[in-house]
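Here is what each chain is made of, one letter per residue.
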Amino acid sequence: MAWTRYAAIGDSFTEGIGDPYPDGGWRGWADRVAETLSARTGGFTYANLAIRGRLLEAIIDGQLPAALALEPDLVSISGGGNDLLRPGTDVDALADRMDGAVERLRAAGADVVLFTGVDPVGSAVIRRTRGRVAVYNEHLRAIAARRGAYVVDQWAMDVLKDWRMWGVDRLHMSPEGHRRVALAMLEALGVPELEDWRAPELEPLPELSRGARLLFDVRWARGHLAPWIGRRLRGRSSGDEISAKRPSLSPFE
């Protein structure tokens with residue numbers, strides 16, 4: 001298909017945090033996908049309404065109506081990751097909200113792309129959410145089958161378990177991680193003649209001693225986990241003062 005009106009909604013993952021442009025703005029997988037589609041399709045336009053830190057409810061209540069107003073023919077929606085980091089999250093209720101969002105988008109005539117969560121097995125802290133993420137992923141696959149949506153199965157992308165795919169905060173992907181996710185989305189859409197997200201294969205990382213891993217984890221907790229917890233306790237979000245980087249459809253440059 002030749003999509004000409006692509007809108008991306010979500011949180012920091014879709015905003016592109018971790019993949020900077022030279023001017024300091026954020027690129028990310030969605031911009032990379034838009035760049036490829038723009039080069040192949042005349043009259044292509046793109047909007048990115050994603051804002052870092054957003055919970056799924058805020059994405060659906062705030063960004064979804066704005067996206068529908070743009071009358072897109074392709075929408076990517078990724079959300080729920082920030083919710084799943086919170087103990088006590090009702091995964092079934094989260095999936096119900098996502099199902100309703102996809103139903104609205106499909107009823108409006110848009111093709112929809114969903115993203116499963118990455119397997120957090122390698123994270124000393126975030127792997128505690130692994131069961132919730134796995135259950136949510138099964139819901140997302142069922143939603144996609146029921147609604148006729150595309151799925152980018154990040155859980156199955158073993159390359160994303162490599163820390164070189166992630167920034168120092170371990171929460172946001174590195175430029176290489178974003179590049180591979182963009183290629184995976186284009187593959188899911190059936191866009192031909194592209195690089196393979198599986199390549200190049202990476203050489204194994206050197207094995208760290210137990211002490212080195214502990215030091216790495218402690219520094220990460222102090223520098224990144226503690227500030228995140230502090231914002232949660234104060235009822236704040238990293239996106240409180242942020243607005244969407246591309247709030248309306250425009251040619252991609």
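Everything below is about the structure printed above this text.
Residues numbered from 1 in each chain as written. Predicted model: local features only at pLDDT ≥ 70, side-chain atom pairs only at ≥ 80, totals over all residues. Heavy atoms only, no water.

(A) Structural detail: the packing of aromatic side chains. Tallied over the full model, the rule gives 6 aromatic pairs. On the numbers, 5.5 Å between centres and 80° between planes, the contact of phenylalanine 13 with phenylalanine 115 is edge-to-face. With phenylalanine 13 in helix H1 (residues 12-15) and phenylalanine 115 in strand S4 (residues 111-115), this pair connects stretches of sequence that are 102 residues apart. Each ring, one from tryptophan 29 and one from phenylalanine 115, has its centre 4.6 Å from the other, and the planes form 50°; the classification is tilted. Highlighted residues: tryptophan 29 in helix H2 (residues 28-40) and phenylalanine 115 in strand S4, separated in sequence by 86 residues. According to the relative accessible area criterion, tryptophan 29 is buried, its value standing at 0%. Overall, phenylalanine 115 belongs to the buried group, its relative accessible area being 6%. Pairwise contacts between aromatic rings join Tyr6, Tyr46 and Phe252 into one cluster. (Phe/Tyr/Trp six-rings, centres within 6.5 Å; stacked < 30°, edge-to-face > 60°. Helix = DSSP H or I, 4+ residues; strand = E, 2+ residues; numbered from the N terminus. Buried < 20%, exposed > 50% of the residue type's maximum accessible area, 1.4 Å probe, protein only.)

(B) Summary view of the sheet that holds strand S5 (residues 150-152). Pairing in this open sheet of 6 strands is mixed, and the strands run S5-S4-S3-S1-S2-S6 from one edge to the other. Looking at strand neighbours, the two that pair on one side only are S5 and strand S6 (246-250), the edges of this open sheet. When strand polarity is set aside, the average angle formed by the axes of neighbouring strands in this sheet is 15°. Pairing analysis gives 3 bridges linking S4 to S5, with the strands arranged parallel. Of the residues in S5, the one forming a bridge with leucine 114 is valine 151. Sitting on the sheet, helix H3 (residues 56-69) is in contact with strand S1 (5-10) and strand S3 (74-78), with an inclination near 170° to S1. (Pairing = 2+ DSSP bridges. Axes fitted to C-alpha atoms, helices over the stretch in contact; angles between N-to-C directions. Contact = heavy atoms within 4.5 Å.)

(C) A look at the packing of H2 against helix H7 (residues 175-189). At a minimum axis distance of 8 Å, the contact between H2 and H7 shows a crossing angle of 50°. Compared by their axis directions, H2 and H7 come out oblique. Handedness of the H2/H7 crossing: right-handed. Mapping the contact onto sequence places Gly28, Trp29, Arg32, Val33, Thr36 and Leu37 in H2 and Pro175, His178, Arg179, Val181, Ala182, Met185 and Leu186 in H7. (Parallel < 35°, antiparallel > 145°, perpendicular 65-115°, else oblique. Left-handed = near helix turned anticlockwise from the far one by under 90°.)

(D) Representation of the nonpolar core in the model. Counting residues in hydrophobic clusters, the biggest one holds 32 residues, and the most contacted among them are Tyr6, Trp29 and Met185. Contributions of two or more residues to this core are made by S1, H2, S4 and H7. Ranked by residues supplied to this core, first place goes to H7 with 7 residues. Grouped together as the second largest cluster of nonpolar side chains are 27 residues, Val75, Met98, Leu114 and Tyr136 included. (Core = buried A, V, L, I, M, F, W, Y, C linked by side-chain atoms within 4.5 Å.)

(E) Seen up close, the packing of helix H5 (residues 91-107) against helix H6 (residues 130-147). Put simply, H5 and H6 touch, their axes get as near as 10 Å, and they point 25° apart. Taken together, H5 and H6 sit at an angle that is classed as roughly parallel. Note that H5 runs across H6; the crossing there is right-handed. Residues Val91, Asp92, Leu94, Ala95, Met98, Asp99, Val102, Glu103 and Arg106 of H5 pack against Arg132, Val135, Tyr136, His139, Leu140, Ile143, Arg146 and Arg147 of H6. Along the lines of polarity and charge, the residues of the contact of H5 with H6 split into 9 nonpolar, 1 polar and 7 charged. (Nonpolar A, V, L, I, M, F, W, Y, C, P; charged D, E, K, R; others polar.)

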